[in-house]
Amino acid sequence: MALTGVISPGYVQLRVLDLDEAIVHYRDRIGLNLVSVEDGRAFFQAFDEFDRHSIILREADTAGLDRMAFKVAKDSDLDHFAERLLDAGVHVDVIPAGEDPGVGRKIRFNTPTSHVFDLYAEMELSETGPAVRNPDVWIAEPRGMRATRFDHCALNGVDISASAKIFVEVLDFSVTEELVDESTGARLGIFLSCSNKAHDVAFLGYPEDGRIHHTSFNLESWHDVGHAADIISRYDISLDIGPTRHGITRGQTIYFFDPSGNRNETFSGGYFYYPDNPRRMWQAENAGKAIFYYEKALTDRFMTVNT
Amino acid sequence: MTTGSHRIRIVGGGEFSCGEGERVLLAMERCGSSDIGVGCRGGGCGICRVRVVGGDYTTGKMSVAKISETERAAGFVLACRVFPVSDLLIEVG
Ligand code: FES
Ligand SMILES: [Fe+2]
């Protein structure tokens, strides 16, 4: 096993204004399996994920992000990262097992952009996860947009370099790509990977902290991005932009909003990243092409709307 | 789906029609008008924040981080969550 330490994005907990409306969106439109509903929270798993859940929705009077979590390879990694976080001056809370169903103990920390992250090592396996003996491509044919997995989040805040620094120096992530204003050296977007993917989390500059720009789901193909677009039109889902492609990460993508206004992305493709790859960068004056490779222009909505 | 249509006028801007049971922001988009900013269309982002200065309406769920209870009482709403019950006069910004 070459991938050690933090191995993958695990789950995200989002606030929604109406849980029932949100369940229809995430289960029937995006196509996730509804695992359980308990105490005002709904838990979902994508059909190609092995673990119990990857999306948690909590009914609240605001939309937005509660927390995002990464899975580490083994339990002792939690102590290792807790120590390194403390050494870096980052406050750490230890959350005992049982806060979320089926999840072991967690290490919780905040970033300078006021985003809350959990690290955990153990989650129960899903009852509807992929087969492993003579595995069919799926157990039951996927619904809706046929999202294969929760893939990443993009988060908005002020000092994104300081947040990214924790991921690089403490959690051993790599910066795969960034959007830079060369005149000031300011980072406008930072894309980070703990794995072989072009990104597992991204930070985007924004005048207010603690915001989430989007929660993203992987699809199998560009054709599936078109299918997602058909579902968005058929069911009058609020469209942001797409189908299009990103210059950064090269993902083929479509953006839309859940019924509470949280932005979702479904995408396919993107390059593979290896830790010896040189860092890619886009100059701020080419931000249009970096973000929307075909349109070559940013939109106000994409840059300023978040929850 | 629209029973009875209401006239929505924007102070210092244009006007468009909105069915009862239709959301004001979506009616604006459908009519090709653009006086109000369009974001998430879900009551979460706050971009479509306006004040209704005349007329009756009902609202769906709106983020309290974008419209507080006091603001709501003063007529502030998120246009993507407003259903007109009569003709409306709306102030943007
Ligand atoms: S458009 Fe986002 S709250 Fe209305
Ligand atoms: Fe993304």
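Predicted model, so just to flag it, every value in this text is computed and none were measured.

Draft legend 1. Region of interest: the overall build of chain A. On a plain count of helices and strands, chain A comes out with six helices and 17 strands. For chain A, whose C-alpha radius of gyration is 18 Å, the value lies close to the compact-globule estimate of 19 Å for 307 residues. Based on the C-alpha atoms only, the size of chain A along its principal axes is roughly 50 × 45 × 45 Å. Counting over 307 residues, chain A shows a buried share of 58%. Of the contacts made within chain A by residues no fewer than 6 positions apart, 68% connect residues no fewer than 24 positions apart. Surface exposure of chain A reaches about 12900 Å², of which carbon and sulfur atoms provide 49%. Averaging the coordinates of the 30 positive side-chain charges in chain A and doing the same for the 48 negative ones gives two points 3 Å apart.

Draft legend 2. Geometry of the coordination of the iron ion (ligand 2). Residue and element names in this part refer to chain A. Coordination of the iron ion (ligand 2) by the protein comes from H152 (NE2), H214 (NE2) and E265 (OE), over a distance range of 2.1 Å. Each donor residue of the iron ion (ligand 2) belongs to the same chain, and together they define the spacing H-x61-H-x50-E. Here H214, found in strand 13 (residues 211-218), pairs with E265, found in strand 16 (residues 263-269); they are 51 residues apart in sequence, far enough to count as distant. The same class applies to H214 and to E265, which are both buried.

Draft legend 3. Molecular detail of the packing of aromatic side chains. All names here are of chain A. Applying the stated rule across the entire model yields 15 aromatic pairs over all chains. The interplanar angle of 20° and the centroid separation of 5.6 Å between the aromatic rings of F109 and F117 together place this pair among those described as stacked. On the basis of relative accessibility, which here comes to 1%, the residue F109 falls in the buried class. On the accessibility criterion, F117 (0% relative accessible area) is buried. Members of the aromatic cluster, connected to one another through ring pairs, are F70, F109, F117, F167, F173 and F203. The positively charged end of R52 is found above the aromatic ring belonging to F43, 5.3 Å away from the centroid. Note that R280 overlies the ring of Y271, its terminal NZ or CZ placed 3.6 Å from the centroid.

Draft legend 4. Region of the structure containing the sheet that holds strand 14 (residues 239-245) of chain A. Residue and element names in this part refer to chain A. Taking strand neighbours across the sheet as the criterion, the nine strands line up as 14-15-16-13-9-12-11-10-17 in an open arrangement whose pairing is mixed. Bordering the open sheet on either side are strand 14 and strand 17 (280-283), each of which pairs with just one other strand. Put simply, the sheet's adjacent strands are angled 20° from each other on average, direction ignored. In terms of strand pairing, strand 10 (residues 174-181) meets strand 11 (residues 186-193) through seven bridges, oriented antiparallel.

Draft legend 5. Representation of a nonpolar patch on the surface within the structure. There is a patch of nonpolar side chains on the surface, built from A:F50, A:L125 and A:V132 and spanning about 340 Å² of accessible area. Among the secondary structure elements, A:V132 is positioned in the loop between strand 8 (116-120) and strand 9 (149-157).

Draft legend 6. View of unusual backbone geometry. Residues and elements named next belong to chain A. In this model, G242 is joined to P243 through a cis peptide bond whose omega is 0°. Inspection of the secondary structure assignment puts P243 in strand 14. One non-glycine residue with positive phi stands out, namely S114, at about 60°. Along the chain, S114 falls in the loop between strand 7 (106-110) and strand 8. S114 gets classed as partly exposed once you look at its relative accessible area, which sits at 41%. Although it is not a glycine, N134 sits at a positive phi angle of roughly 45°.

Draft legend 7. A look at the pairing of strand 2 (residues 33-38) of chain A. Residue and element names in this part refer to chain A. Sheet topology note: the strand 2/strand 3 (residues 41-45) ladder contains five bridges and is antiparallel. Note that in strand 3 the partner of N33 across the bridge is Q45. Here strand 2 hands over to strand 3 after two residues, with D39 in that stretch at a positive phi of 50°.

Draft legend 8. Highlighting the interface of chain B and chain A. If you look at the interface, chain B gives 16 residues, while chain A gives 19 residues. Of the roughly 1100 Å² buried at the junction of chain B and chain A (both faces included), carbon and sulfur atoms supply 51%. Its largest share of buried area at the contact with chain A, chain B owes to B:C40, B:R41 and B:K61, together 35% of the area lost on that side. The interface formed by chain B and chain A holds one salt bridge in total. Across the pair B:K61 and A:D18 runs a salt bridge, and its minimum N-O distance is 3.5 Å. Where chain B meets chain A, there are nine residue pairs in polar contact (both at pLDDT 80 or more).

Draft legend 9. Molecular detail of the environment of B:E22. Note that B:E22 resides in the loop between strand 2 (15-20) and helix 1 (24-30). At a separation of 2.7 Å, a polar atom in the side chain of B:E22 contacts the side chain of B:R30.

What counts, and where the lines are drawn
Residues numbered from 1 in each chain as written. Chains lettered and ligands numbered in written order. Predicted model: local features only at pLDDT ≥ 70, side-chain atom pairs only at ≥ 80, totals over all residues. Heavy atoms only, no water. Helix = DSSP H or I, 4+ residues; strand = E, 2+ residues; numbered from the N terminus. Rg over C-alpha atoms; globule rule 2.2 N^0.38 Å. Buried < 20%, exposed > 50% of the residue type's maximum accessible area, 1.4 Å probe, protein only. Contact = heavy atoms within 4.5 Å. Areas by Shrake-Rupley, 256 points an atom, 1.4 Å probe, with all protein chains shown as cover. Lys, Arg positive; Asp, Glu negative; His and termini not counted. Charge placed at Lys NZ, Arg CZ, Asp CG, Glu CD. Donors = N, O, S within 2.8 Å, 3.2 Å for Na, K, Ca; no water. Phe/Tyr/Trp six-rings, centres within 6.5 Å; stacked < 30°, edge-to-face > 60°. Lys NZ or Arg CZ within 6 Å of the ring centre and 35° of its normal. Pairing = 2+ DSSP bridges. Axes fitted to C-alpha atoms, helices over the stretch in contact; angles between N-to-C directions. Patch = residues over 30% accessible without salt bridge, like charges linked within 9 Å, V, L, I, M, F, W, Y side chains within 5 Å. Salt bridge = Lys/Arg side-chain N within 4 Å of Asp/Glu carboxyl O. Buried area = accessible area lost by both parts, 1.4 Å probe. Polar contact = N/O pair within 3.5 Å; in protein donor to acceptor, adjacent residues only side chain to side chain.

On their own, these measurements won't tell you what the molecule is for.
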